[in-house]
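The chain contents come next:
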Amino acid sequence: MVGLLVLAFCGGGVLLLRFGPWSNRQRDLTPFTTTAERGVLSGVITASGELQAQQKVNVSPRKQGVLDELLVDEGDAVEKGQVLAVMDQADLEDRLQERQALLRQADANFQTKKEDFDRRSQLYANGVISADDFSDVRFEMLARQAGLAAARERLEQLEQESRDQRIRAPFAGTITARYTEPGSFVTPTTAASATAGATSASIVELSQGLEVSARVPESDIGRIVTGQNAEIRVDAFPDERFSARVSEIAPRAEKEDNVTSFEVKLNFVNPPKKLLIGMTADINFQTGRSAPKLLVPTVAIVTEEGKPGVLLVDENQKPRFQPVELGNSSGDQTAILNGLESGTRVFIDLPPWADRRD
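Scoring rules and cut-offs
- Residues numbered from 1 in each chain as written.
- Predicted model: local features only at pLDDT ≥ 70, side-chain atom pairs only at ≥ 80, totals over all residues.
- Heavy atoms only, no water.
- Helix = DSSP H or I, 4+ residues; strand = E, 2+ residues; numbered from the N terminus.
- Buried < 20%, exposed > 50% of the residue type's maximum accessible area, 1.4 Å probe, protein only.
- Areas by Shrake-Rupley, 256 points an atom, 1.4 Å probe, with all protein chains shown as cover.
- Pairing = 2+ DSSP bridges.
- pLDDT = per-residue confidence, 0-100.
- Contact = heavy atoms within 4.5 Å.
- Salt bridge = Lys/Arg side-chain N within 4 Å of Asp/Glu carboxyl O.
- Axes fitted to C-alpha atoms, helices over the stretch in contact; angles between N-to-C directions.

## A look at the overall build of the chain
Each helix and strand counted, the chain has four helices and 24 strands in total. In the chain, buried positions account for 34% of the 358 residues. Accessible area for the chain stands at about 21500 Å²; split by element, carbon and sulfur atoms hold 49% of it.

## Section: the sheet that holds strand β5 (residues 65-70)
Spatially, the four strands line up as an open sheet ordered β8-β7-β5-β10, and their pairing is antiparallel. Each having just a single partner strand, β8 (166-168) and β10 (185-186) make up the two edges of the open sheet. Note: β5 against strand β7 (residues 83-87), three bridges, orientation antiparallel. In the strand pairing of β7, E69 is matched with V86.

## Examining the environment of Q64
Inspection of the secondary structure assignment puts Q64 in the loop between β4 (55-59) and β5. Given the relative accessible area of 56%, Q64 is considered exposed.

## Side note on the confidence of the model for the chain
Of the residues in the chain, 87% have a pLDDT of 70 or more, and the chain-wide mean is 83. Low confidence marks residues 1-24, where pLDDT is under 50. Its contacts with residues over four positions away, or in another chain, come to 11 contacts.

## Focus on the pattern of salt bridges
The final tally for this structure, using the stated rule, is 15 salt bridges. The closest approach of N and O atoms between R178 and D73, which form a salt bridge, is 3.6 Å. Note that R178 is positioned in strand β9 (residues 173-178) and D73 in the loop between β5 and β6 (77-78), a separation of 105 residues in sequence. Looking at D73, the relative accessible area reads 39%, which means it is partly exposed. The shortest N-O distance in the salt bridge between R233 and D235 comes to 3.2 Å. We classify R233 as partly exposed; its relative accessible area is 22%.

## Here's the deal with the sheet that holds strand β18 (residues 293-297)
Spatial strand order, β2-β18-β23-β22: four strands in an open sheet with antiparallel pairing. Two strands lie at the open edges of the sheet, namely β2 (37-39) and β22 (325-329), each paired on one side alone. Along the sheet, successive strands turn relative to each other by an average axial angle of 50°, direction set aside. Relative to strand β23 (residues 333-338), β22 runs antiparallel, the two sharing three bridges. Residue pairing across strands places L326 opposite I336, the latter belonging to β23.

Next up, the structure:
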């Protein structure tokens, strides 16, 4: 019995020495590691985005008031300068008639004084009246002339206010939203406002053109240029692809949830009418294949103290952080410019026995 126990103990010790957690040679790292190798990045960069209008404005009146008529509806195509709505003019017509009468009276007063001035000018030239009398007549004529100009200006202001009661389209486009109904009280919004907060006081939303707004990660933006071809897929028509070109790249990055990206806008090449504003889109940017570089899977990239790097396999088969300089990315693979050699094994997932901080 004692011999059997000794034999079992010795056999167990051998097994522990060979397969225990302190044994490194028998650990299979294949599921957790990969090898950095030279290769070329894919010629396609993918991004998500949304279809939006090239130009959009919330149309509102210049002065607050009650909406009397709304002449358009959602989906209507309108021309520049077309009347979209008419505001309630209230007593505007009465005030116009009153100022027209005041203008006629001011003009009559001026003409009377001008005739008197012309007659007195002749008398003054013949020495019949004194210089003081002539000066008084001239002053009265100039005062009536100034009164006529003021009356004409007040009438023109009221006429402009009357014209402003007819809300016109600032550009040709399509009515994409209707925010109010006749009888509603509406107020001015900021010029060319397209913000959601302005809709409550606006009358309609006017849109022109169609484009794609995409969010491209910072690691990929270096491979995007203006005029570059792209392929658009929308969820509404999953089996179709639409051609587009990059028209604009934002000069400033945006950060959201610690992710840095750039807004890229694309114009369709002969866009079909069935594409609508607000549709979600998947964008494939055609970049062409890159020159051979050292590549690792993007999932192998980690950050430590704000520096990018990879986790190497140390002598104990545990991860060791190695800082690297990153290059471009194709989504699933990322180029390494410095800090790593070809053939080096890196972790793509931590094994259960590893502690990254070891």
